[in-house]
Amino acid sequence: KPALLTRARHHIENKSAGALPIAVHLKQNPNIIGQSNANLGAWYNFFKEISNRYSVHFFLVGDEKSNSNFNELTNTSVVHSDGFSIDGQLAIIQACELFMGMMSGPSNMALFGSNPYLIFKNPDHHFTEMKSEIGDNDQYPFGIGHQKVLRILDTADSLTHAFEMAVQH
């Protein structure tokens, strides 16, 4: 809805203060092991380190309790804590210039959008299904430019490498 998108854009503008706005979903289901749960330590280190080289602001979407671990980072906003319901969070994903995160429900907003994304998928999770859907490629047939589905583990190094490949092109 236009009103949600307008609110999201104003929020991004106010919080990012000119930095590159990046929506992030760190899927974290404590009831399952693997299955594309985010490596929270790697993401935390990535958020801290990348801000030394780039002007970025991360907008964490989703209602994962683990999002609160990122509150102390000055380059990070927890959108749920800022009063955005799920539809507002989807508008944040749509309004940010890049999406990064795990393959999850919220990542589908980015997946079917026109902005760049870097979606990480545990290479062992849904191996057969992913092979059938995209083969050995790193994007769906409808993907454009830097719309990547990376079937690699989310380590600090892999996050940094993927991010730098996206922003340098």
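Here the structure is shown first, and the text comes after it.
Reading guide: rules and limits
Throughout this document, residue positions are counted from 1 along each chain, in the order its sequence is written. Note on the predicted model: pLDDT of at least 70 is required for a residue's local features to be given, and 80 or more for side-chain atom pairs to be given and counted; whole-chain, interface and lining totals, by contrast, use all residues. Computation of side-chain values: all heavy atoms of the structure, hydrogens and water removed. Secondary structure elements follow DSSP: runs of H or I no shorter than four residues count as helices, runs of E no shorter than two count as strands, and numbering proceeds from the N terminus. By definition, residues are in contact when any of their heavy atoms lie within 4.5 Å. Ring geometry is summarised as follows: Phe, Tyr and Trp rings, the Trp one being its six-membered ring, pair when their centres sit within 6.5 Å, and such pairs are stacked at plane angles under 30 degrees, edge-to-face over 60 and tilted between the two. A 1.4 Å probe rolled over the protein chains alone gives each residue an accessible area, and that area as a share of the maximum for its type sets the label: buried under 20%, exposed over 50%, partly exposed in between. Ring-over charges, as used throughout, are those where CZ of Arg or NZ of Lys falls within 6 Å of the ring centre and within 35 degrees of the ring normal.

Asks: Let's hear about the environment of Ala38: which residues, and what values?
Replies: You can see Ala38 is positioned in the loop between β1 (20-25) and α2 (40-50). Put simply, Ala38 and Lys27 are eleven residues apart on the chain and 5.5 Å apart in space, counted from C-alpha to C-alpha. Every residue in contact with Ala38, bar those within four places of it in the chain, is listed here: Leu26, Lys27, Gln28, Trp43, Met102 and Asp154.

Asks: Outline the packing of aromatic side chains, listing residues and values.
Replies: This structure, assessed with the given rule, holds ten aromatic pairs. Centre to centre, the rings of Phe47 and Phe58 are 3.9 Å apart; their planes meet at 10°, and the pair counts as stacked. Taken together, the positions of Phe47 in helix α2 and Phe58 in strand β2 (residues 56-61) put the pair eleven residues apart, joining distant regions of the chain. Phe58 carries the same exposure label as Phe47, and that label is buried. An aromatic cluster is present here, built from Trp43, Tyr44, Phe46, Phe47, Tyr54, Phe58, Phe70, Phe120 and Phe163 joined pairwise through their rings. Taking the ring centre of Phe84 as reference, the NZ or CZ of Arg7 above it sits at 3.8 Å.

Asks: So, α2: which residues are in play, and what are the values?
Replies: Inspection of α2 places Ala42, Trp43, Tyr44, Phe46, Phe47 and Ile50 among the buried residues, and these make up the whole buried set. Here the buried face of α2 lies against β1, β2, β3 (76-78), β4 (98-102), β5 (117-120) and α6 (156-167).

Asks: So, the side chain of Ser77: which residues are in play, and what are the values?
Replies: Positionally, Ser77 belongs in strand β3. The contact partners of Ser77, leaving out residues within four places of it in the chain, are Lys15, His57, Phe58, Phe59, Leu60 and Asp82.

By themselves, these observations are geometric and do not establish any function.
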